[in-house]
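Each chain, letter by letter, is given below.
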Amino acid sequence: MPAFARLVFIPGSTARMSSTEFAREALPTKLKRRVQLLLGPWGVFFEGFLQHPVMVGSIIPSSRFTIQKMLAPVDWDECRLFVEYGPGVGTFCRPVLDRLRRDGRLIVIDTNPLYINYLKATITDSRFTAVLGSAADVEAIVQAHGYEQADYVLSGLPFSTLPDRVGPEIAAATWRVLRPGGAFLVYQFSARARDFMARHFSRIDQGFELLNVLPCRLFWGWKEAA
Ligand SMILES: C[S@@+](CC[C@H](N)C(=O)[O-])C[C@H]1O[C@@H](n2cnc3c(N)ncnc32)[C@H](O)[C@@H]1O
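The rules behind the values
- Residues numbered from 1 in each chain as written.
- Predicted model: local features only at pLDDT ≥ 70, side-chain atom pairs only at ≥ 80, totals over all residues.
- Helix = DSSP H or I, 4+ residues; strand = E, 2+ residues; numbered from the N terminus.
- Buried ≥ 20, exposed ≤ 12 C-beta atoms within 10 Å, placed from the backbone.
- Contact = placed C-beta atoms within 7 Å.
- Pairing = 2+ DSSP bridges.
- Axes fitted to C-alpha atoms, helices over the stretch in contact; angles between N-to-C directions.
- Parallel < 35°, antiparallel > 145°, perpendicular 65-115°, else oblique.
- Left-handed = near helix turned anticlockwise from the far one by under 90°.
- Nonpolar A, V, L, I, M, F, W, Y, C, P; charged D, E, K, R; others polar.
- Near = placed C-beta within 6 Å.
- Right-handed = clockwise from strand over helix to strand, strands pointing away.
- pLDDT = per-residue confidence, 0-100.
- Core = buried A, V, L, I, M, F, W, Y, C linked by C-beta atoms within 7 Å.
- Arc of directions from axis to C-beta.

Caption draft 1: Here's a closer look at the overall build of the protein chain. Broken down by element type, the protein chain carries 10 helices and 9 strands. Here the protein chain, with 226 residues, has 34% of them falling under the buried criterion. Sequence-distant contacts in the protein chain: of pairs separated by 6 or more residues, those separated by 24 or more amount to 68%.

Here you go:
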């Protein structure tokens, strides 16, 4: 491959192509890819929204202000397994990996193959695992990767637009998978998730981030230490 060649992510697959292959593509496909390249991760995120608006629930990834505030209470020294639901294009993944210990692991779970393929193609950190599946199956997914429990679970799921039973199921499974002393971190445009969390988590800290599209509510549900 020539020195100037670069790899291009192909939405909907795990493959990348060289710039030579890219140059040989038909014009309409090439134009579509040019737009995707120009928009970067935001383009992939928006494409996922157009495919599944109810499941994605937002047209723009979270802001850096939301990320900083949401992750601030995490005790990184005590975090061996961090799980994220609904990573989208990985807005939180890199900040989590930046803070995670060297022997830690980040497992992300998303129902959209476009996002999972994008994450697999763009994040090469050996501590990172992207799983195509539902957050409702978190216990089986965590066990399949050799862990009994998670230290922290972060959710970017749009609870207010998901089918009615999904939120309560996910909150219950999350409580079971967390170690005592661990926490469920949730950011949401509405307070709906708090109702599901309150059935399991006796202490829920709350916050708000204005500098996000849209401004969002933040919740930290703490599982009582043993
Ligand atoms: C609002 S987006 C979150 C985007 C990203 N975390 C951010 O902060 O920019 C919601 C994500 O949840 C995913 N999702 C929806 N239902 C899910 C489920 N049951 N399990 C896992 N992921 C799900 C969607 O595919 C989408 O990637």
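Caption draft 2: The sheet that holds strand 4 (residues 105-110), seen in detail. The strand order 5-4-3-6-7-9-8 describes an open sheet built from 7 strands, whose pairing is mixed. Every other strand in the sheet has two partners, leaving strand 5 (128-132) and strand 8 (203-209) as the edge strands with one partner each. Pairs of neighbouring strands in the sheet enclose a mean axial angle of 15 degrees, with direction left out of account. As paired strands, strand 6 (residues 150-155) and strand 7 (residues 178-188) are joined by 5 bridges and run parallel to one another. Bridge assignment links Leu-154 to a residue of strand 7, and that residue is Leu-185. Together, strand 7, strand 8 and strand 9 (216-222) form the strand contacts of helix 5 (residues 64-71), whose direction differs from that of strand 8 by roughly 160 degrees.

Caption draft 3: Structural view of the packing of helix 3 (residues 41-51) against helix 7 (residues 113-122). Between helix 3 and helix 7, whose axes approach to 9 Å, the crossing angle comes to 160 degrees. With respect to helix 7, the axis of helix 3 lies roughly antiparallel. For the crossing formed where helix 3 meets helix 7, the hand is right-handed. Across the interface between the two elements, Val-44, Glu-47, Gly-48 and Gln-51 of helix 3 pack against Leu-114, Tyr-115 and Tyr-118 of helix 7. A breakdown of the residues in the contact of helix 3 with helix 7 according to their chemical character gives 4 nonpolar, 2 polar and 1 charged.

Caption draft 4: The arrangement of the site of the ligand in detail. Residues in contact with the ligand amount to 24 residues; listed here are only the nearest, Pro-61, Ser-62, Gly-86, Gly-88 and Gly-156. Class assignment for the residues of the shell around the ligand results in 13 nonpolar, 10 polar and 1 charged.

Caption draft 5: Structural view of the pairing of strand 7. Where the polypeptide runs from strand 6 across helix 9 (residues 166-177) and back to strand 7, its parallel neighbour, the crossover connection is right-handed. Examined bridge by bridge, strand 7 and strand 9 share 6 bridges and lie antiparallel to one another. Each residue of the ladder has a partner; that of Tyr-187, found in strand 9, is Leu-218.

Caption draft 6: Representation of the confidence of the model for the protein chain. Averaged over every residue, the pLDDT of the protein chain is 86; residues scoring 70 or more account for 82%. The low-confidence segment residues 1-8, where pLDDT is below 50, has 12 contacts with residues more than four positions distant or belonging to other chains.

Caption draft 7: Spotlight on the nonpolar core. Counting residues in each nonpolar core, the largest one holds 50 residues, and the members touching the most others are Tyr-152, Val-153 and Leu-185. Among the elements that take part in this core, strand 7 stands out by supplying 6 residues, more than any other. Residue contacts for Leu-185: discarding those within four places in its chain leaves Met-70, Tyr-152, Val-153, Leu-154, Ser-155 and Trp-220.

Caption draft 8: The environment of Leu-218, seen in detail. On the secondary structure map, Leu-218 appears in strand 9. As a C-alpha pair, Leu-218 and Thr-66 span 152 residues in sequence and 8.3 Å in three-dimensional space. Not counting the four nearest positions on each side in its chain, Leu-218 is found in contact with Lys-69, Met-70, Tyr-187, Gln-206, Gly-207, Phe-208 and Glu-209.

Caption draft 9: Region of the structure containing helix 3. Considered for burial, the residues of helix 3 that qualify are Val-44, Phe-45, Glu-47 and Gly-48. For helix 3, the angular spread of buried residues about the axis comes to 160 degrees, placing them on one side.

Caption draft 10: Examining the pairing of strand 9 more closely. Where strand 8 meets strand 9, 7 bridges bridge the pair, whose relative direction is antiparallel. Bridge pairing links Ile-204 to Gly-221 in strand 9. Here strand 8 folds back onto strand 9 in antiparallel fashion, the turn holding 6 residues.

Caption draft 11: Fine view of the environment of Met-70. Tracing the backbone shows Met-70 in helix 5. Distance from Met-70 to Phe-208, taken between C-alpha atoms, is 9.6 Å for residues 138 residues apart in sequence.

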